[in-house]
Amino acid sequence: MTAASPHPGSGARGRRRVVVVGAGPAGLTVGAVLRAAGVDCLVLETESREFIERRPRAGVLEEWAVRGLERRGLTRNLPARAQRHTECEFRFAGERHRLRYTELTGQHHYVYPQQFLVTDLVREYADVRGGAIRFGVRDVRLNDLESDRPSVSYLCPESGERRVVECEFVAGCDGAHGVTRTALPAGRAGLSRYDYGVGWLALLAEAPPSCDCVVFGMHPRGFAGHMQRGPDVTRYYLQCPPGDDPADWPHDRVWTELRERLGARGAPPLREGRLIEKRVLGMHGYVVTSMVSGRLCLAGDAAHLTAPIAAKGMNLALHDAFLLGDALVARLTEGDERGLAGYSAACLARVWDCQEFSQWLSEVYHGTASGDPYRAGLTQARLRRLFASRTAATAFAEQYLGTAATG
Ligand code: RFL
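Basis of the calculations
Residues numbered from 1 in each chain as written. Predicted model: local features only at pLDDT ≥ 70, side-chain atom pairs only at ≥ 80, totals over all residues. Heavy atoms only, no water. Buried < 20%, exposed > 50% of the residue type's maximum accessible area, 1.4 Å probe, protein only. Helix = DSSP H or I, 4+ residues; strand = E, 2+ residues; numbered from the N terminus. Pairing = 2+ DSSP bridges. Expected span 1.5 Å × (residues − 1). Near = heavy atom within 4 Å. Polar contact = N/O pair within 3.5 Å; in protein donor to acceptor, adjacent residues only side chain to side chain. Areas by Shrake-Rupley, 256 points an atom, 1.4 Å probe, with all protein chains shown as cover. Nonpolar A, V, L, I, M, F, W, Y, C, P; charged D, E, K, R; others polar. Domains from an automatic or database assignment. Contact = heavy atoms within 4.5 Å. Buried area = accessible area lost by both parts, 1.4 Å probe. pLDDT = per-residue confidence, 0-100. Salt bridge = Lys/Arg side-chain N within 4 Å of Asp/Glu carboxyl O.

**What to know about the pairing of strand β11 (residues 151–155)**
Next, step 1: Judged by how many residues are buried, β11 sits mostly within the fold: four of five residues are covered.
Next, step 2: As defined by bridge partners, strand β10 (residues 138–143) adjoins β11 across four bridges and the pair is classed as antiparallel. Within β11, the residue paired with Arg 141 across the bridge is Ser 153.
Next, step 3: Note that β11 and strand β12 (residues 162–166) share five bridges and pair antiparallel. Of the residues in β12, the one forming a bridge with Ser 151 is Glu 166.
Next, step 4: Taken together, β11 and the strand that follows it, β12, pair antiparallel across an intervening segment of six residues, in which Gly 160 is found at a positive phi of about 75°.

Structure, rendered in structure tokens:
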């Protein structure tokens, strides 16, 4: 990506102070913060506006993240549309166990589907704050990132012409499959990876929730999860072999398996519905060990991925975006370098905290079905401790709510 011949066939050239690559929660939040401070920027996105406003993914927002959005004037619709969650339920050995995390910590979760948040952020960035955004761009390339005049180029969707945008900073917010991470110079930015060795069949059902809270089912046949997304849509997860084909999971097999794994004494029956999304996620994580190189700053999934085990990815993306947006504003309006200098370390403290919690929780979810009696024994010990010790339950609650993390 940092080739010597920067923009072959270059056409029109332009100039902005910041180019943000990617219009997900991270990129749009950075853009909205920049626009609120009057900083000129451009957001580039490969998909269409309609597509990103409908793409279902995450749904759980931590309270500190909502407060952060609120402080930046980014919660126009959220208070009216988000649900407030105060407890979750673990089901194992045929019994239900409630963990009342709000009672323990005073903090709660919000359930607000990612596509609602993205819709709000696009509107705020582009329509309200007048931010420039190009949808449907192709072949985004980054150049001269180590100089003080970096540039980003892309193919214009209408004309097919290459446009070049010179800038002062590039915010790499293009998710797990984007191009900005690959622009980090080899050898300088370390990448560490972890593979959980399991897959999750991620499902969206056109059905009301089957319980009033998030449910985690630990079963000898594998983990199963239930998460509300709205009055008529519910997300379910089923542990499966990594690389399984979603086509091997027809409607009846899915619901039989969910009933089995989420079954417990006194549990309300599952409310079945048409499956509108069915995809297998390989459960893995990675962390880029410096999120800044020259004039490129990464944020969100572009810099780190946490498997959706603990529902952390969107929250981490927002945490990065708050810090990056504020740091860029300080640098570009007052010449204050301190935010950018500490940016990577401040983000990574929270990122590693979430990686560690995901590992711990993964063993709780997956040990029972591992076929290894030692791992199954560890799972049982962790679950017993959670419900025998208020201190252990509070420590879990703090990590689940993201209040234990520093930064
Ligand atoms: P995104 O949301 O992937 O946005 C990146 C954007 O960049 C675009 N793009 C490019 N644009 C320009 N040039 C390129 N070369 C580009 N390549 C890509 C993409 O089209 C996209 O619009 O990254 P961001 O902003 O860092 O946000 C991260 C979150 O989306 C992610 O962490 C969460 O969805 C993870 N996640 C969850 N996180 C939570 O906090 N709570 C949850 O409950 C939760 N559930 C989930 C999840 C992720 C899931 N999947 C699909 C992996 C459930 C699932 C099923």
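**What about helix α8 (residues 313–334)?**
Next, step 1: For α8, built from 22 residues, the straight-helix expectation of 32 Å at 1.5 Å per residue is met to within 8% by its first-to-last C-alpha distance of 31 Å.
Next, step 2: Just downstream of α8 lies Gly 335, where phi reads positive at about 70°.

**Quick notes on the site of the ligand**
Next, step 1: As a matter of local geometry, the ligand sits amid 37 residues, with Glu 45, Arg 55, Arg 57, Gln 114 and Met 314 nearest to it.
Next, step 2: Between the ligand and Gln 114 there is a distance of 2.7 Å, counted from an oxygen atom to a side-chain nitrogen or oxygen.
Next, step 3: The contact in question runs from an oxygen atom of the ligand to an N or O atom on the backbone of Ala 311, over 3.1 Å.
Next, step 4: Coverage of the ligand by the protein amounts to 91% of the 1000 Å² it exposes when considered alone.
Next, step 5: Residue assignment for the shell around the ligand shows that the elements contributing at least two residues are α1 (25–36), β17 (234–240), β18 (274–288) and α8.
Next, step 6: A total of four residues in the shell around the ligand trace back to one element, the largest contributor, which is α8.
Next, step 7: In the shell around the ligand, the residues fall into 17 nonpolar, 10 polar and 10 charged.
Next, step 8: Each of domain 1 (13–76 + 113–192 + 286–355) and domain 2 (85–109 + 197–284 + 368–401) gives at least three residues to the shell around the ligand.

**Examining unusual backbone geometry**
Next, step 1: Look at Asp 144: it is not a glycine, yet its phi comes out positive at around 55°.
Next, step 2: As for its position among the elements, Asp 144 is in the loop between β10 and β11.
Next, step 3: Positive phi is not limited to glycine here, since Ala 311 has a value of about 55°.
Next, step 4: Along the chain, the position of Ala 311 falls in the loop between β21 (304–305) and α8.

**Some points on the domain arrangement of the chain**
Next, step 1: We note that the domain assignment places domain 1 (13–76 + 113–192 + 286–355) and domain 2 (85–109 + 197–284 + 368–401) within the chain.
Next, step 2: Counting from both sides, the interface comprises 18 residues of domain 1 and, opposite them, 16 residues of domain 2.
Next, step 3: Buried area between domain 1 and domain 2, both sides added, is near 1400 Å², and the carbon and sulfur share of it is 52%.
Next, step 4: Looking at the side of domain 1 facing domain 2, the largest losses of area belong to Pro 56, Glu 63 and Pro 308, adding up to 32% of the total buried there.
Next, step 5: At the junction of domain 1 with domain 2, the criterion picks out five residue pairs in polar contact (both at pLDDT 80 or more).
Next, step 6: Going through the elements one at a time, β4 (60–62) and α3 (63–71) are the ones with two or more residues in the side of domain 1 that touches domain 2.
Next, step 7: Residues that form the side of domain 1 that touches domain 2 fall into these classes: 10 nonpolar, two polar and six charged.

**Side note on the confidence of the model for the chain**
Next, step 1: Counting all residues, the mean pLDDT for the chain is 94, and 97% of those residues have values of 70 or more.
Next, step 2: Within the model, pLDDT remains below 50 along residues 1–6, and this stretch shows 14 contacts once partners closer than five positions in the same chain are excluded.

**Description of the pattern of salt bridges**
Next, step 1: A full pass over the atoms with the stated rule returns 32 salt bridges.
Next, step 2: Between Asp 326 and Arg 72 there is a salt bridge, and its shortest N-O distance comes to 2.7 Å. Here the residue Asp 326 occupies a position in helix α8, and Arg 72 occupies one in the loop between α3 and α4 (78–81), the gap between them amounting to 254 residues.
Next, step 3: For Arg 72, a relative accessible area of 18% corresponds to the buried category.
Next, step 4: Among the salt bridges present, the one from Arg 100 reaches Glu 87, with a minimum N-O distance of 3.4 Å. In this pair, Arg 100 sits in the loop between β7 (95–99) and α5 (101–105) while Glu 87 sits in the loop between β5 (83–85) and β6 (88–92), placing the two residues 13 residues apart along the sequence.
Next, step 5: Residue Arg 100 is classed as partly exposed on the basis of its relative accessible area of 36%.
Next, step 6: Overall, the relative accessible area of 17% leaves Glu 87 in the buried class.
Next, step 7: The structure contains a network of salt bridges with shared partners spanning Glu 87, Glu 89, Arg 91, Arg 96, Arg 98, Arg 100 and Asp 212.

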